[in-house]
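Here is how the chains run, residue by residue.
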Amino acid sequence: MSKKEKPSVEELHKKIMNIRKTRARLLEDVKDLSSEAKGELEEMVMGSPLESAAIIFLAGLVLGVLLGTSTRRR
């Protein structure tokens, strides 16, 4: 059987640096997307506050019913 060659320290260092760069880029993308979504959500809520409140209420009601039925004891 052939043994796998172990990567050198330099190769491992390059891989780690690439992972760090990718992570930093992804974090920036997530920050950008979340700030855009926040702005859009604020516009929607300011534009129709009663509709937004009704949607939140119904979502909470549905979630409460689902959690209640899934956790009740028989």
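Scroll up to find the structure this text is about.
If you're wondering where the values come from, they're calculated on a predicted model, not measured in any experiment. Think of each chain on its own: its residues are numbered from 1, step by step along the sequence as written. Where local features are concerned, this predicted model is filtered to residues with pLDDT of at least 70; where side-chain atom pairs are given and counted, the filter is 80 or more; whole-chain, interface and lining totals use all residues. Calculation of side-chain values draws on the structure's entire complement of heavy atoms; hydrogens and water are dropped beforehand.

Draft legend 1. Just the overall build of the protein, in detail. Strands are runs of DSSP state E lasting at least 2 residues, helices are runs of H or I lasting at least 4, and numbering of each runs from the N terminus. A count of helices and strands for the protein gives two helices and zero strands. Radius of gyration means the value over C-alpha atoms here, while the globule rule gives 2.2 Å times the residue count to the 0.38 power. Whereas a compact globule of 74 residues would reach a radius of gyration of roughly 11 Å, the protein reaches 24 Å, over 25% beyond that. A burial count over the protein gives 1% of its 74 residues as buried. When the accessible surface of the protein is summed, it comes to about 7,600 Å², and 64% of that surface belongs to carbon and sulfur atoms. For the purpose of charge, His is not counted, nor are the chain termini; Lys and Arg are scored as positive and Asp and Glu as negative. Positions of charges follow a simple convention, taking NZ of Lys, CZ of Arg, CG of Asp or CD of Glu. The centroid of the 14 positive side-chain charges in the protein is displaced by 16 Å from the centroid of its 11 negative side-chain charges. For every residue, the accessible area obtained with a 1.4 Å probe (protein chains only) is divided by the maximum for its type, and the residue is called buried under 20%, exposed over 50%, and partly exposed between those limits. Accessible surface is estimated by sampling points in the Shrake-Rupley manner with a 1.4 Å probe; for residues, cover comes only from the protein chains shown.

Draft legend 2. Molecular detail of a negative patch on the surface. On the surface, E28, D29, D32, E36, E40, E42 and E43 cluster together to form a negatively charged patch. Mapped onto the elements, E40 comes out in helix 1 (residues 9-47). Each patch groups residues whose relative accessible area exceeds 30% and which form no salt bridge, using 9 Å between like charges and 5 Å between nonpolar side chains of Val, Leu, Ile, Met, Phe, Trp and Tyr. One speaks of a salt bridge when a side-chain nitrogen belonging to Lys or Arg is within 4 Å of a carboxyl oxygen belonging to Asp or Glu.

Draft legend 3. Spatial organisation of the side chain of S52. By the element assignment, S52 lies in helix 2 (residues 49-71). Here S52 falls in the buried class, since its relative accessible area comes to 6%. Every residue pair with non-hydrogen atoms within 4.5 Å of one another is taken to be in contact. Those residues in contact with S52, other than ones at most four positions away along the chain, are M44 and V45.

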